[in-house]
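Observations on chain architecture
The chain contents come next:
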Amino acid sequence: MPFPHLLSYSRTRTTSVERPEPDTLRAACRLQDNLMEAEVEITVRLPDLDITAVQSRVLRDERGLCPGGLEGLENAVGVRIGPGMAKIIKGLVGDDFPCPQLVFMVEECCHGVILYFTKDELRAVPEDEDEAREHFARMIRKNIRLYNRCAAFAPGSSITEGIDPPSPHTQS
Amino acid sequence: MDDLIREAVRIGLDGICLTDHNHVWRPETVDALRQKHGFLVLRGNEIITDQGDVIVFGLERDIQGITRLEDLRAEVLQAGGFMIAAHPFRGFLTFGVDKLGLTPEKAMQRKIFQYVDGVEILNGKVNEEENRFAGQVAQGLGLVLTGGSDAHEVEEVGRYATRLASPVRNEQDLIEALKKGQTAPVAFRRGRNDARTGVHP
């Protein structure tokens, strides 16, 4: 080993969403890094987007923080994906849950579900630059919580020009 | 808080409800505000449940964290209080109702509506379509209709309000008025002409 003092670390995390039935979505998050390998899968019922099942599997855990058979994640069953979900999921799973990475992966699955729907919206964006800008501006006006959620929607961007920022607490 | 009350007085509201998230105002603090301004200030509480935010009146316990809706319902019933689903469709237009296939009829089956007495159908922090959808659901279920500004800034006070049929002097009066269901959510702050415009009879 020529450079033993150098730390080598890599992480791959992927989230995928499938729709096995018209009224069901299944989102899976897979994590693999030097310390851990795990999978979390949630099942979501449409149209309410409520979580009907949560499953997790820890395949490798070098630090011993995430032993098999952990209870708590299933408390997220019944939560509806939407504003405030992260706070609700964390609150239901509990602060003392020993494996925060798994909780994060549940949230990643939820975000994956949101993106599943956003994808079609983004495909509908016109190619013309001005029309595209107006399309995004309409998206923000329609849902002001998108304001400042990414660089493109940040104050000062041409997309947000003329749009009043929401009150700081709108996004709570 | 003084500025908020002065603004409420200035625009012609008869009273305000303080419904901070998971926070119970001390009665003596609110009494002092009432005395100081000669204005009706009432206490409520917005509680985060596993099914969304719920405004509660008549519950003294300081609830922290996330509460199961069923547990909250049991406690509020015992206390003789009143529960309102706050902004129940906030953010649901992120995807577009059409893409989700969510209709008022389907939304009526949501668990939260089985456990609340009323629904906030005018909320100052959501868009008109979300409010309209909440109104359709609440009316379909025959639940009590309310409106509230959800004000976090002084200038937001009174954007929406709830008009009550009977005079309210304290929290018990408010709960009784709500239980009678004689409420009309109103867009209050748009202007004096709209100030008395209820969206529902």
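The coordinates are above.
Our subject in this report is the structure included herewith. (Residues numbered from 1 in each chain as written. Chains lettered and ligands numbered in written order. Predicted model: local features only at pLDDT ≥ 70, side-chain atom pairs only at ≥ 80, totals over all residues. Heavy atoms only, no water.)

Right, let's talk about the interface of chain A and chain B for a bit. Between chain A and chain B, the contact holds 26 residues from the first and 24 residues from the second. Across the chain A/chain B interface, buried area totals approximately 2,500 Å², and carbon plus sulfur atoms make up 55% of it. Per-residue buried area on chain A facing chain B is highest for Pro47(A), Arg80(A) and Lys142(A); these three make up 23% of the total on that side. Linking chain A with chain B are 1 salt bridge. With its nearest N and O atoms 2.5 Å apart, the salt bridge here joins Asp48(A) to Arg110(B). At the boundary of chain A and chain B, one finds 4 residue pairs in polar contact (both at pLDDT 80 or more). Here the residues of the side of chain A that touches chain B are counted per class, giving 11 nonpolar, 8 polar and 7 charged. (Contact = heavy atoms within 4.5 Å. Buried area = accessible area lost by both parts, 1.4 Å probe. Salt bridge = Lys/Arg side-chain N within 4 Å of Asp/Glu carboxyl O. Polar contact = N/O pair within 3.5 Å; in protein donor to acceptor, adjacent residues only side chain to side chain. Nonpolar A, V, L, I, M, F, W, Y, C, P; charged D, E, K, R; others polar.)

All names here are of chain A. Pairing in this open sheet of 4 strands is antiparallel, and the strands run 1-2-3-4 from one edge to the other. Edge positions in the open sheet fall to strand 1 (11-21) and strand 4 (50-61), since each of these has one partner strand only. Across the sheet, the axes of successive neighbouring strands diverge by a mean angle of 10°, strand direction being ignored. Contacts between helix 2 (residues 100-123) and the sheet are confined to strand 1, strand 2 (24-33), strand 3 (36-45) and strand 4, with strand 3 contributing the most and set at about 45° to the helix. (Pairing = 2+ DSSP bridges. Helix = DSSP H or I, 4+ residues; strand = E, 2+ residues; numbered from the N terminus. Axes fitted to C-alpha atoms, helices over the stretch in contact; angles between N-to-C directions.)

All names here are of chain A. For helix 3 (residues 129-142), built from 14 residues, the straight-helix expectation of 20 Å at 1.5 Å per residue is met to within 8% by its first-to-last C-alpha distance of 20 Å. For helix 3, the full list of buried residues reads Ala132, His135, Phe136, Ala137, Met139 and Ile140. Of the surrounding secondary structure, the elements contacted by the buried residues of helix 3 are helix 2. Between a side-chain oxygen at the N-terminus of helix 3 and the backbone nitrogen of Asp130 the separation is 3.1 Å; the capping residue is Asp128. (Expected span 1.5 Å × (residues − 1). Buried < 20%, exposed > 50% of the residue type's maximum accessible area, 1.4 Å probe, protein only.)

Let us look at the environment of Ile163(A). Residues and elements named next belong to chain A. By secondary structure assignment, the location of Ile163 is in the segment after helix 3. Given a relative accessible area of 8%, Ile163 falls into the buried group. Apart from the residues lying within four places of it in its own chain, the contact partners of Ile163 are Ala137, Ile140, Arg141, Ile144 and Tyr147.

Below, the discussion takes up the sheet that holds strand 6 (residues 118-123) of chain B. Residue and element names in this part refer to chain B. Here 5 strands make up an open sheet; going across it, the order is 3-4-5-6-7 and the pairing mixed. Strand pairing shows two members of the sheet lacking a second neighbour, strand 3 (45-49) and strand 7 (144-148), which therefore form its edges. Each neighbouring strand pair of the sheet contributes to a mean axis angle of 35°, computed without reference to strand direction. Inspection of the sheet shows strand 3 paired to strand 4 (residues 52-57) by 5 bridges, in the antiparallel sense. Across the sheet, Glu46 pairs through a bridge with Ile55, a residue of strand 4.

Here the focus is the state of the cysteines. Residues and elements named next belong to chain A. If you walk through the whole model with that rule in mind, you get 1 disulfide over all chains. Between Cys66 and Cys99 runs a disulfide, and the two sulfur atoms are separated by 1.9 Å. Because the sign of the S-S torsion sets the handedness, a value of about 80° for the bond joining Cys66 and Cys99 places this disulfide among the right-handed ones. Here Cys99 lies in the loop between helix 1 (85-93) and helix 2 and Cys66 lies in the loop between strand 4 and helix 1, a separation of 33 residues in the sequence. (Disulfide = S-S within 2.5 Å.)

Side chains that carry opposite charge are capable of pairing whenever their charged atoms lie near each other. Residue and element names in this part refer to chain B. Applying the stated rule across the entire model yields 26 salt bridges over all chains. When the shortest N-O distance is used, the salt bridge between Lys111 and Glu70 registers 2.9 Å. Taken together, the positions of Lys111 in the loop between helix 5 (104-107) and strand 6 and Glu70 in helix 3 (residues 69-79) put the pair 41 residues apart, joining distant regions of the chain. With relative accessibility at 27%, the residue Lys111 sits in the partly exposed group. Within this structure, Asp31, Arg34, Arg43, Glu60 and Glu171 form a network of salt bridges that share partners.

This part is about the packing of aromatic side chains. A complete count under the given rule lists 4 aromatic pairs over all chains for this structure. Plain terms: the ring middles of Phe136(A) and Phe153(A) are 6.0 Å apart, the flat faces sit at 55° to each other, and that makes the pair tilted. Of the two residues, Phe136(A) sits in helix 3 while Phe153(A) sits in the segment after helix 3, which places them 17 residues apart along the sequence. Side by side, Phe136(A) and Phe153(A) carry an identical accessibility label, which is buried. A connected cluster of aromatic rings, assembled from ring pairs, spans Phe89(B), Phe113(B) and Phe133(B). (Phe/Tyr/Trp six-rings, centres within 6.5 Å; stacked < 30°, edge-to-face > 60°.)

Next up on the list: a nonpolar patch on the surface. All names here are of chain A. There is a patch of nonpolar side chains on the surface, built from Leu7, Tyr9 and Leu35 and spanning about 330 Å² of accessible area. Locating Tyr9 in the fold gives a position in the segment before strand 1. Under the relative-accessibility criterion, Tyr9 is labelled partly exposed at 42%. (Patch = residues over 30% accessible without salt bridge, like charges linked within 9 Å, V, L, I, M, F, W, Y side chains within 5 Å. Areas by Shrake-Rupley, 256 points an atom, 1.4 Å probe, with all protein chains shown as cover.)

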